[in-house]
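So you can see what is in the structure, the chains are spelled out below.
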Amino acid sequence: MTDLIACPNCDTLHRRTDLPPRETARCVRCHSVLYRAPDLRLSRVLALTLTCLIVFAIANAFPIVEIEVQGIYTETTLVGAAWALYREGMWLVALLVFATTVLFPLSQLVALVHLTAPLSVGRRPYAVFHVMRAIEFCRPWGMIEVFMLGVLVSLVKLSAMASVLPGIALWAFGALTVLLAMVLSYDLRNLWLVIDRTPDPSAPGTAPSRVPR
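Here goes a summary of the coordinates provided. (Residues numbered from 1 in each chain as written. Predicted model: local features only at pLDDT ≥ 70, side-chain atom pairs only at ≥ 80, totals over all residues. Heavy atoms only, no water.)

1. Some words on the overall build of the protein
Heads up, the condition is: Starting at the N terminus, helices and strands are each numbered in turn, a helix being any DSSP run of H or I of at least four residues and a strand any DSSP run of E of at least two. With a 1.4 Å probe rolled over the protein chains alone, any residue whose accessible area is under 20% of its type maximum counts as buried; one over 50% counts as exposed, and the rest are partly exposed. Any pair of residues with heavy atoms lying within 4.5 Å of one another is described as a contacting pair. Method for areas: the Shrake-Rupley scheme with a 1.4 Å probe, in which residue coverage is limited to the protein chains shown.
Tallying secondary structure elements over the protein gives seven helices and seven strands in all. Going residue by residue from the N terminus, the α and β elements of the protein occur as β-β-β-β-α-β-β-α-α-α-α-β-α-α. The buried share among the 213 residues of the protein stands at 35%. Here the contacts in the protein between residues at least 6 apart in sequence split such that 62% fall between residues at least 24 apart. Summed over its atoms, the accessible surface of the protein is roughly 13,100 Å², and 65% of this surface lies on carbon and sulfur atoms.

Here is the structure:
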């Protein structure tokens, strides 16, 4: 495998070398950023992912908002809202809401735990290539931040017609949006570096080795 890397701006070829932590390699011609030192501390990613799963469970277990119109109170969870859309015949909208706000974000978080938990103790997870492909597939479809923006716009409009009380789930979704942004900022290429340095459990005669935390 070649260790050459081309500058994305001027196409100057450089030889890739290992960098100290938090260092950045720049092009000698145009000073553009070529690559940064990989962050191989998986304990931080694992902690953030587990926190996301806890907040995700809270966000889906409690009502998002409580609406009062002429003495009639209405409240629902995110899954309940998707189910209501399905019962109204808008099954495609219901499917999109459930997939982009529940299914794909949850699948991505579970897949990250499946990878980072064994790697953080020096063990290579099973089905690593399939799981990495699943994460890459799910990433563009997780749209919790779009959902939060839509909810906020709806709350502003509904406040003129009814009494709207934000529920626990709405605050949880706000926290989840920030936490997911932190998790998604992790470069998956760094995860591949850790995977390549971790012995394959299916290979005979391999012993587990610890990776940097």
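We are not done yet, so read on.
2. Examining a nonpolar patch on the surface
Filter applied, for reference: Patch building starts from residues that exceed 30% relative accessible area and form no salt bridge, then joins like charges within 9 Å and nonpolar side chains (Val, Leu, Ile, Met, Phe, Trp, Tyr) within 5 Å. Just to be clear on terms, a salt bridge is a Lys or Arg side-chain nitrogen sitting within 4 Å of an Asp or Glu carboxyl oxygen.
A grouping of W83, Y86, W91, L92, L95 and L96 is seen on the molecular surface, where their side chains present a nonpolar patch of about 700 Å² in accessible area. Listed by contribution, the elements that provide at least two residues to the nonpolar patch are helix 2 (78–87) and helix 3 (91–119). Top contributing element to the nonpolar patch by residue count: helix 3, with four residues. Here L92 lies in helix 3.

3. Some thoughts on the packing of helix 4 (residues 128–138) against helix 7 (residues 188–197)
For the record, the criterion: Axis geometry follows a simple rule: fit a line to the C-alpha atoms, using only the stretch in contact for helices, then measure angles between N-to-C directions, giving values from 0 to 180 degrees. For classification, angles of less than 35 degrees are called roughly parallel, those exceeding 145 degrees roughly antiparallel, those between 65 and 115 degrees roughly perpendicular, and all remaining angles oblique. In the scheme used here, Gly and all other residues not listed as nonpolar or charged are polar, with Ala, Val, Leu, Ile, Met, Phe, Trp, Tyr, Cys and Pro taken as nonpolar and Asp, Glu, Lys and Arg as charged.
Look at helix 4 against helix 7: their axes get within 12 Å of each other, and the N-to-C directions meet at 175°. Between helix 4 and helix 7, the crossing angle belongs to the class labelled roughly antiparallel. For the pair formed by helix 4 and helix 7, the contact residues are V128, F129, M132, I135 and E136 on the first element and L188, L191, W192 and I195 on the second. Its residues assigned to classes, the contact of helix 4 with helix 7 comprises eight nonpolar, no polar and one charged.

4. Thoughts on the packing of aromatic side chains
Condition: Within 6.5 Å between ring centres, the rings of Phe, Tyr and Trp (the latter by its six-membered ring) count as paired, and their orientation is classed by plane angle as stacked under 30 degrees, edge-to-face over 60, tilted in between. In our convention, an over-ring charge means Lys NZ or Arg CZ found within 6 Å of a ring centre and within 35 degrees of that ring's normal.
Under the counting rule described, the total for this entry stands at four aromatic pairs. When the ring of F104 is compared with that of F137, the centres are 5.9 Å apart and the planes differ by 65°; the resulting orientation is edge-to-face. With F104 in helix 3 and F137 in helix 4, this pair connects stretches of sequence that are 33 residues apart. Grouped by ring-pair contacts, the aromatic residues F104, F137 and W141 constitute a single cluster. Its end group placed over the ring of Y35, R16 keeps NZ or CZ at 4.1 Å from the ring centre.

5. What about the pairing of strand 4 (residues 33–36)?
Each regular strand shows side chains that alternate between the opposite faces of the sheet. Stated formally: Paired strands, as defined in this entry, are two strands with at least two bridges between them according to DSSP.
With three bridges joining them, strand 3 (residues 24–26) and strand 4 adopt antiparallel strand pairing. Along strand 4, the bridge assignment pairs T24 with R36. Count of turn residues in the strand 3/strand 4 antiparallel hairpin: six residues, of which H31 carries a positive phi of about 65°.

6. Topic: helix 5 (residues 144–158)
Because the α-helix completes a turn every 3.6 residues, residues three or four places apart line up on one side. Quick reminder of the rule: Expected span, for any helix, means 1.5 Å times one less than how many residues it has. Each direction from the helix axis to a C-beta atom contributes to the arc, which is the arc of those directions.
Taking 1.5 Å as the rise per residue, helix 5 with 15 residues should run 21 Å; its terminal C-alpha atoms sit 21 Å apart, in good agreement. Inspection of helix 5 places I144, F147, M148, V151 and L155 among the buried residues, and these make up the whole buried set. Looking straight down helix 5, one finds that the buried residues subtend no more than 100° of arc, so they occupy a single side. For helix 5, the exposed residues lying more than 90 degrees away from the buried face are L149, V156 and K157.

7. Observations concerning the nonpolar core
Applicable threshold: In this text, buried Ala, Val, Leu, Ile, Met, Phe, Trp, Tyr and Cys residues form a nonpolar core when linked through side-chain atoms within 4.5 Å.
If you look at the biggest cluster of nonpolar residues, it comprises 38 residues, and the most contacted ones within it are I64, F173, L176 and L191. Those elements that provide at least two residues to this core are helix 1 (42–61), helix 3, helix 4, helix 5, helix 6 (168–184) and helix 7. When near neighbours in sequence (up to four residues on either side) are disregarded, L191 contacts L42, L115, T116, L119, M132 and Y186. Among the nonpolar cores identified, the runner-up in size contains six residues, and A25, C27, L34 and Y35 belong to it.

8. Focus on the side chain of S120
The criterion, for reference: Throughout this description, a polar contact denotes any pair of N or O atoms lying within 3.5 Å of each other; where both atoms belong to protein, one of them has to be capable of donating a hydrogen while the other can accept it, and for residues adjacent in sequence the pair is counted only when both atoms sit in side chains.
In this structure, S120 sits in the loop between helix 3 and helix 4. Of the residues examined, S120 reaches a relative accessible area of 6% and is grouped as buried. In this structure the side chain of S120 is engaged in a polar contact, spanning 2.8 Å, whose partner is the backbone oxygen of A117.

9. With respect to the packing of helix 2 against helix 3
Inclusion rule: The sense of a crossing depends on the near helix, which, turned anticlockwise from the far helix by less than a right angle, makes the crossing left-handed and, turned clockwise, makes it right-handed.
As a packed pair, helix 2 and helix 3 sit with axes 7 Å apart at the nearest point and diverge in direction by 160°. With respect to helix 3, the axis of helix 2 lies roughly antiparallel. In the crossing of helix 2 with helix 3, the sense of the turn from one axis to the other is left-handed. On helix 3, the residues that touch L78, A82, L85 and Y86 of helix 2 are W91, V93, A94, V97, F98, T101 and V102. In terms of residue class, the contact of helix 2 with helix 3 is made up of 10 nonpolar, one polar and no charged.

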